[in-house]
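Residue-level structural notes
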Amino acid sequence: MPSLPRKPDRDPRSAPAHGTTRRDVLRFGAAGAVVAPALVACGSAANPDAYVRQQDYDDPRRGGRLRIGIAGGSAADSIDAHIAVDNTDIARVFNLYDTLCAFGTDYAIEMALAESIEPNAEATVWTVVLREGVKFHDGRDITAADVAFSLRRITDPDDPKTGAAGFATLDRDGIEAVDERTVKVPFTEATVNLLDVLAEYYSGIVPQDYDPAAPVGSGPFKYQDFTAGVRSLFTRFDEYWREGEPFVDELEIINFPDDTARVNALLGGQVEAISQLPHSQVKVVDAYDHLAVLESESGQWLPFTMRVDSEPFDDVRVRQAFRLIVDRQQMIDQALSGYGSIGNDLYARFDPAYADDLPQREQDIEEAKRLLAEAGHGDGLEVELVTGPINAGVVEAAQVFAEQAKAAGVTVNLRRVTSEEFYGDNYLKWDFAQDFWGTRNYVSQAAQGSLPDAPFNETHWADEEWIDLVKEAQATVDDDERAELLHSAQEIEYERGGYIVWGFTTVIDGYNANVKGFEPSVTGHPLTGYRFRGVWFETK
């Protein structure tokens, strides 16, 4: 497996990602400083100051208020560092909080608040050393005690946060602040993917007296104002540790659940940039000289989710039949207007252990009919598919699937709900629905969406053989042995899992050409992974 970083054939930032091949993106994903979970490439190999020196800004200007329209949002929005769910939540935490390490636009991991993060030989104890002088928004130094507090808050057994499952084997009581900058983080068994977990947006470091109602973080922007479901306003953090950043004085994030309203806001100049430009509107925006389109081939996926413990999907033959119903190329062409690549019912396409040797699943209506008949649905099957405007391409994919299913004798009744209802009380209870996920490696994604204790196990997947393989892989230090275990786990999901992973999207955003600093990112998060710290106005 490609543990060691490799030099890319070209700079992934130099051209739009649309039109590149999966092999290209995989190559870019492997390039850079640190690609977890390779222990040989952990924090000790990273130069903590390299990031700053590598920036190549073209005379960035300071000042101004950057207004961003983000898809989604609801009255359930949160500004808490550790419980982000919707796109608007995620955009906020990326800018209010910093993590110990972070994913770059090429999906390589780079050190952030930490100077180094190193495991012992058995990967049972990791040592985190903070950078000197990194500060919270209130001017206090970030200390080892704050790191310990943050990890314990995320993994609070009485109130586990979004990232808790990723720290399942953490020895909370054994976390030790050795000195002001050094933390020992022990685990009850080997844990090889800690860098992956620490780099996620939901692993932000907060002070020991953290109050989500008046949040103090260490990100490039400070909290100013927040109205759930409407907007949030942040101001520049002058003592931010990345030299020179951020450039704008104020950052305003505005909710736009409706696609049309979001596009009109960009066209009318109410915002300088929008996430998830509907694929059907790319040509419209591209026709304006003062606007630009940002294309990012990514690991983002928009699955159909089938509850494996609920009829009719508790019968594996039904799940297999539904996967065979999908014409994946037609789905890409019609739901995404061609902005995507075909999936094979597997996620984690950038994981070094991605099982790309499994046969590409194709539409096979006759086999789907046969399986449905065996499952007792030879006279036809009627199901409800819950969809909503949770991400660009989701509703369109539901419509395409409903049409494709007719050929197999399946009637799909679409139930379109708002994003607020989708992620409301019934989220994780829908029998047949959809969702969106960003780029992750396999074990980290399993911890978020597939393991029994995952916070978003929407398919209710609980396959014992698969669970044992994933947990063994997480504790296996040897790269080759771990890859074999992950391959076996992926085979099981490929054959009997609850996801239909029909494709990976090219994330499309729109912005005013007067705004500089956006670049393609394979992370699956829009607008350069919501990194507004590197954005500036060419003219004020």
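See above for the structure.
Description of the structure in this document. Sequence order as written defines residue numbering, which begins from 1 separately in each chain. With the structure being a predicted model, the display of local features is reserved for residues of pLDDT at least 70 and the display and counting of side-chain atom pairs for 80 or more, all residues being used for whole-chain, interface and lining totals. With hydrogens and water stripped out, all remaining heavy atoms of the structure feed into the side-chain values.

What follows deals with empty space enclosed by the protein. Once rolled over the atoms, a probe with the size of a water molecule shows which space is left empty. Cavities and pockets are defined on a 1 Å grid built over the protein atoms alone: a cavity is a set of grid points where a 1.4 Å probe fits but cannot escape, while a pocket is an open set with protein on both sides within 12 Å along at least five of seven lines, and lining residues are those with an atom within 4 Å of any such point. Grid points are joined across faces, edges and corners, and a volume is the space filled by probe spheres set on the points. Evaluated as defined, the whole model comprises eight cavities of 30 Å³ or more. Its volume calculated, the largest cavity comes out at about 340 Å³. Contributing to the lining of the largest cavity are 27 residues, with Phe94, Ala102, Phe103, Ala199 and Arg531 lying nearest its centre. Helix numbering and strand numbering both begin at the N terminus, where a helix is a DSSP run of H or I of at least 4 residues and a strand a DSSP run of E of at least 2. Of all the secondary-structure elements, those providing two or more residues to the lining of the largest cavity are helix H3 (87-96), strand E2 (101-103) and helix H16 (526-530). By the convention adopted, Pro, Cys, Tyr, Trp, Phe, Met, Ile, Leu, Val and Ala count as nonpolar, Lys, Arg, Asp and Glu as charged, and the other residues, Gly among them, as polar. Here the residues of the lining of the largest cavity sort into 12 nonpolar, 10 polar and five charged. Here the limits of each domain have been adopted from an automatic or database domain assignment. Two domains each provide a minimum of three residues to the lining of the largest cavity, namely domain 1 (58-96 + 219-290 + 513-539) and domain 2 (98-209). When its volume is computed, the second largest cavity comes out at roughly 170 Å³. Lining the second largest cavity are 14 residues, and of these Val85, Ile90, Tyr201, Phe436 and Trp437 lie nearest its centre. Across the lining of the second largest cavity, the residue classes tally to nine nonpolar, three polar and two charged. Residue assignment places the lining of the second largest cavity across two domains, with domain 1 (58-96 + 219-290 + 513-539) and domain 3 (297-505) each supplying three or more.

Attention shifts here to a negative patch on the surface. Within the patch definition used here, like charges are joined within 9 Å and nonpolar side chains (Val, Leu, Ile, Met, Phe, Trp, Tyr) within 5 Å, considering only residues with over 30% relative accessible area and no salt bridge. Note that accessible areas follow from Shrake-Rupley with a 1.4 Å probe, and for residues the cover is restricted to the protein chains shown. Criterion for a salt bridge: a side-chain nitrogen of Lys or Arg within 4 Å of a carboxyl oxygen of Asp or Glu. Positive charges are assigned to Lys and Arg, negative charges to Asp and Glu, while His and the chain termini are left out of the count. By convention, the point assigned to a charge is CZ for Arg, NZ for Lys, CD for Glu and CG for Asp. On the surface, Glu464, Asp468, Glu472, Asp478, Asp480, Glu481 and Glu484 cluster together into a patch of negative charge. Taken together, the elements giving at least two residues each to the negative patch come down to helix H14 (464-474) and helix H15 (479-496). Along the chain, glutamate 464 falls in helix H14.

Bringing the sheet that holds strand E17 (residues 432-434) into the picture now. Backbone hydrogen bonds hold the strands of a sheet together, and the pairing may be parallel or antiparallel. Only strands that DSSP links by at least two bridges are regarded as paired with each other. In space, the three strands of this open sheet follow the order E17-E13-E18, with antiparallel pairing throughout. Either end of the sheet is taken by a strand with one partner, and the two such strands are E17 and strand E18 (499-500). Relative to E18, strand E13 (residues 304-306) runs antiparallel, the two being bridged by two bridges. For phenylalanine 304, the partnering residue across the bridge sits in E18 and is isoleucine 500. The strands touched by helix H11 (residues 394-405) within the sheet are E13 and E17, with E17 carrying the most contacts at an inclination of about 140°. In what follows, residue pairs with any heavy atoms lying within 4.5 Å of each other are defined as contacts. Axes, fitted as lines to C-alpha atoms, cover a helix only where it is in contact. Angles between the N-to-C directions of the axes lie from 0 to 180 degrees.

We now examine the environment of lysine 516. Within the secondary structure, lysine 516 sits in strand E20 (residues 515-516). Measuring from C-alpha to C-alpha, the distance between lysine 516 and arginine 61 comes to 9.5 Å, with 455 residues separating the pair along the chain. N or O atoms closer than or at 3.5 Å make up a polar contact, with two conditions inside protein: a donor-capable atom paired with an acceptor-capable one, and, for residues adjacent in sequence, both atoms drawn from side chains. Reaching out from lysine 516, the side chain makes a polar contact with the backbone oxygen of alanine 513 at a distance of 3.1 Å.

To continue, consider unusual backbone geometry. The residue after glutamate 245, namely proline 246, is reached through a cis peptide bond having omega -5°. Look at the link from glutamate 311 to proline 312: it is a cis peptide, with omega at 0°. Among the secondary structure elements, proline 312 is positioned in the loop between E13 and helix H8 (316-325). In the Ramachandran plot, glutamine 276 falls in the positive-phi region, its phi being about 50° despite a non-glycine side chain. Assignment of secondary structure puts glutamine 276 in the loop between strand E11 (273-274) and helix H7 (282-286).

Once that is clear, we can look at the pattern of salt bridges. Side-chain pairing between opposite charges can occur once the charged atoms of the two side chains come close. What the rule picks out here adds up to 34 salt bridges. For the salt bridge of arginine 67 with glutamate 272, the shortest nitrogen-to-oxygen distance reads 2.5 Å. Taken together, the residues span a long stretch of sequence, with arginine 67 in strand E1 (residues 65-71) and glutamate 272 in the loop between helix H6 (259-267) and E11 at a distance of 205 residues. Working definition: with a 1.4 Å probe on protein chains only, accessible area under 20% of the residue-type maximum means buried, over 50% means exposed, and in between means partly exposed. Look at arginine 67 and you get partly exposed, because its relative accessible area is 24%. The buried category is assigned to glutamate 272, whose relative accessible area is 11%. Residue aspartate 77 pairs with arginine 92 through a salt bridge whose shortest N-O separation is 3.4 Å. With a gap of 15 residues between them, aspartate 77 in the loop between E1 and H3 and arginine 92 in helix H3 connect regions that are remote in the sequence. One network of salt bridges, in which partners are shared, links Arg65, Asp225, Arg231, Glu250 and Glu252.

Next up on the list: the environment of tyrosine 223. Mapped onto the fold, tyrosine 223 is located in strand E8 (residues 221-227). We classify tyrosine 223 as partly exposed; its relative accessible area is 26%. Aside from chain neighbours lying at most four places away, what touches tyrosine 223 is Ile79, Leu96, Ala213, Pro215, Leu233 and Phe234.

Here the focus is the pairing of strand E9 (residues 231-236). Most of E9 sits out of view: five of its six residues are buried. With six bridges connecting them, E8 and E9 associate as antiparallel partners. Following the sheet pairing, tyrosine 223 is matched in E9 by phenylalanine 234. Counted between consecutive antiparallel strands, the loop separating E8 from E9 contains three residues, among which glycine 229 sits at a positive phi close to 85°. With five bridges connecting them, E9 and strand E10 (residues 250-256) associate as antiparallel partners. Its bridge partner lying in E10, phenylalanine 234 is registered against leucine 251.

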